[in-house]
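# A look at the structure
The chain contents come next:
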Amino acid sequence: MKRMILAAPGGLERLRLTEVPEPAAPAPHEIRVRVAASSLNFHDFGVVSGARALRDGLVPLSDGAGVVDAVGSQVEEFAVGDAVVSTFFPLWADGTPTHGDFSTVPGDGVDGYACEVVVRPASWFTRAPAGWSSLEAATLTTAALTAWRALVGDGGLCAGQTVLTLGSGGVSVFALQFAKAMGARVIVTSSSDEKLARLRQLGADATINYEREPNWSREVMALTEGRGVDQVIELGGAGTLPESIASLRVGGLISLIGTVAGVAGEIPTAMLMRKQGRIGGLIVGSRRQQQQMVRALEVTGIRPVIDRSFALADLADAFRYESERRHLGKIGVRIAE
């Protein structure tokens with residue numbers, strides 16, 4: 001089978017496509033999955049670029065979707081032929097967060113899904129949404145679940161609320177789709193008028209070009225008649241957090257997810273206290289939350305926005321495209337052509 005590996009200390013030039021024997025039959029609690037697709041996340045880019053420590057020969061990519069082709073003798077949840085999708089924290093089944101690092105995350109602490117066949121515990125997967133292609137399902141593990149947990153699991157989103165989401169990547173687009181499906185109003189920021197036009201086509205109620213409006217919280221407050229938004233999907237980090245706090249309603253929630261605009265900076269704590277706002281950091285979600293999200297996707301009919309897909313052999317080019325930040329939504333990787 002084909003498998004992409006990454007030599008330490010990382011770097012796109014250190015990605016190598018190799019041929020290795022297929023894994024053996026699954027143990028009693030395991031399943032064997034023929035992986036058909038993956039998708040890229042900025043966490044994956046951090047791994048392959050060498051920004052994170054890694055072991056030599058790591059198989060990258062945290063997202064994986066495919067079809068079960070063998071089951072262990074004690075597996076009851078899945079059968080041969082089932083379409084499945086991987087989980088980000090394989091050992092976090094339910095409840096409050098249990099992991100504060102990436103030691104168990106596929107494509108980081110353990111081998112990921114840049115390979116054609118894997119044998120893993122059955123609990124490392126959930127069912128994929130009915131009728132979805134593997135390329136579509138592979139967008140769910142990281143980006144979709146992050147947006148779902150922020151809005152629904154932690155945020156308790158209700159119809160009639162207003163959500164502000166930053167940017168046009170996978171998490172932002174899924175947040176837009178989830179919020180609109182649940183009856184919320186959505187405001188989106190981007191530096192690209194072309195992307196903002198596309199986001200309005202996807203349902204955004206209002207858009208702001210943050211390059212033309214560097215103090216974009218003023219526009220947010222005007223759009224909400226001075227009230228502010230109920231939730232902010234904060235992907236910029238310290239560099240955008242002051243504007244997000246200024247955009248928040250009294251008692252609102254900021255879900256801190258990314259660090260695109262910086263990992264350190266001044267935070268207007270007095271303003272945050274006046275707003276009585278909450279800031280919650282989060283990384284993806286639990287297996288139970290993924291199962292709940294899959295059911296919601298089937299009911300609402302939401303489908304992922306995939307900007308472009310690349311073959312596994314062209315994984316380095318896929319990461320280069322991601323690093324240019326020209327995409328809207330997700331970038332797919334075709335494992336099985």
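Structure: see above.
One structure accompanies this document, and this report is about it. (Residues numbered from 1 in each chain as written. Predicted model: local features only at pLDDT ≥ 70, side-chain atom pairs only at ≥ 80, totals over all residues. Heavy atoms only, no water.)

## Quick notes on helix α3 (residues 140-154)
Between its terminal C-alpha atoms α3 stretches only 18 Å, short of the 21 Å expected from 15 residues at 1.5 Å a residue. Along α3, the sharpest kink reaches roughly 30°, centred on W148. Judged by how many residues are buried, α3 sits mostly within the fold: 12 of 15 residues are covered. Looking one or two residues past α3, G156 carries a phi angle of roughly 55°, positive in sign. (Helix = DSSP H or I, 4+ residues; strand = E, 2+ residues; numbered from the N terminus. Expected span 1.5 Å × (residues − 1). Bend = angle between axes of the 7 residues up to and from the residue. Buried < 20%, exposed > 50% of the residue type's maximum accessible area, 1.4 Å probe, protein only.)

## Some thoughts on the side chain of T142
Secondary-structure assignment places T142 in helix α3. Taking the relative accessible area as the measure of exposure, T142 reaches 9% and is therefore buried. Apart from the residues lying within four places of it in its own chain, the contact partners of T142 are N41, S62, D63, F88 and V284. (Contact = heavy atoms within 4.5 Å.)

## Quick notes on the pattern of salt bridges
Two side chains of opposite charge can pair, provided their charged atoms sit close to one another. In the structure shown here, the tally under the stated rule is 16 salt bridges. A salt bridge links K2 to E19; its shortest N-O distance comes to 3.5 Å. Of this pair, K2 sits in strand β1 (residues 2-6) while E19 sits in strand β2 (residues 15-19), and the two are 17 residues apart along the sequence. Here K2 falls in the partly exposed class, since its relative accessible area comes to 36%. Notably, a salt bridge pairs D69 with R32, separated by 2.8 Å at the nearest N-O pair. With a gap of 37 residues between them, D69 in strand β4 (residues 65-71) and R32 in strand β3 (residues 30-39) connect regions that are remote in the sequence. Residue classification places D69 among the partly exposed positions, given a relative accessible area of 23%. Here the salt bridges share partners, and the residues they tie into one network are E22, R32, R34 and D69. (Salt bridge = Lys/Arg side-chain N within 4 Å of Asp/Glu carboxyl O.)

## Here's the deal with the packing of α3 against helix α9 (residues 287-300)
In the contact formed by α3 and α9, the axes pass within 10 Å of each other and the chain directions differ by 90°. Classed by the angle they form, the pair α3 and α9 counts as roughly perpendicular. Across from L140, T141, A144, L145, W148, R149 and G153 in α3, the residues of α9 making contact are Q289, Q290, Q292, M293, A296 and L297. In the contact of α3 with α9, the residues fall into 7 nonpolar, 5 polar and 1 charged. (Axes fitted to C-alpha atoms, helices over the stretch in contact; angles between N-to-C directions. Parallel < 35°, antiparallel > 145°, perpendicular 65-115°, else oblique. Nonpolar A, V, L, I, M, F, W, Y, C, P; charged D, E, K, R; others polar.)

## Some details on unusual backbone geometry
Note that the residue after A8, namely P9, is joined by a cis bond; omega there is 10°. Mapped onto the secondary structure, P9 falls in the loop between β1 and β2.

## Things to note about the packing of α3 against helix α4 (residues 170-181)
Running from N to C, α3 and α4 cross one another at 50°; their axes reach a closest spacing of 8 Å. The orientation of α3 with respect to α4, classified from their angle, is oblique. Seen from above, α3 lies across α4 with right-handed handedness. Together, L140, A143, A144, T146, A147, W148 and L151 of α3 and G170, V171, F174, A175, F178 and A179 of α4 make up the contact between the two elements. Split by residue class, the contact of α3 with α4 holds 11 nonpolar, 2 polar and no charged. (Left-handed = near helix turned anticlockwise from the far one by under 90°.)

## Quick word on the pairing of strand β9 (residues 185-190)
Among the 6 residues in β9, 5 count as buried, and that is most of the element. Here 5 bridges tie strand β8 (residues 162-166) to β9, and the two strands are oriented parallel to one another. Within β9, the residue paired with L166 across the bridge is T189. Bridge count for β9 against strand β10 (residues 206-209) is 4 bridges, and the pairing is parallel. From the neighbouring strand, V188 faces β10, where its bridge partner is T207. The β-α-β motif built from β9, the intervening helix α5 (residues 193-201) and the parallel element β10 has right-handed crossover chirality. (Pairing = 2+ DSSP bridges. Right-handed = clockwise from strand over helix to strand, strands pointing away.)

## Description of the packing of aromatic side chains
This model, assessed by the stated rule, comprises 8 aromatic pairs. Their ring planes at 70° and their centres at 6.0 Å tell us that Y113 and F125 sit as a pair that is edge-to-face. Here Y113, found in the loop between β5 (83-86) and β6 (117-121), pairs with F125, found in strand β7 (residues 125-127); they are 12 residues apart in sequence, far enough to count as distant. By the burial criterion, Y113 is buried, and F125 matches it. Ring-pair connections join several aromatic residues into one group, and the members of that group are F88, F89, W92 and F102. The lysine or arginine in question, R120, covers the ring of Y113, its NZ or CZ lying 4.9 Å from the ring centre. (Phe/Tyr/Trp six-rings, centres within 6.5 Å; stacked < 30°, edge-to-face > 60°. Lys NZ or Arg CZ within 6 Å of the ring centre and 35° of its normal.)

## Things to note about α5
Every α-helix winds through 3.6 residues per turn, so residues three or four apart in the chain are directed the same way. Buried within α5 are the following residues: K195, L196 and L199. The arc that holds every buried residue of α5, seen down its axis, measures 100°, which confines them to one face. What points out from α5, more than 90 degrees from its buried face, is the exposed set E194 and Q201. Summarising the contacts, the buried residues of α5 are in contact with α4, β9 and β10. Its side-chain oxygen 3.3 Å from the backbone nitrogen of E194, S192 forms the N-cap of α5. Note on α5: the residue one or two positions beyond its end, G203, has a positive phi of about 120°. (Arc of directions from axis to C-beta. Polar contact = N/O pair within 3.5 Å; in protein donor to acceptor, adjacent residues only side chain to side chain.)

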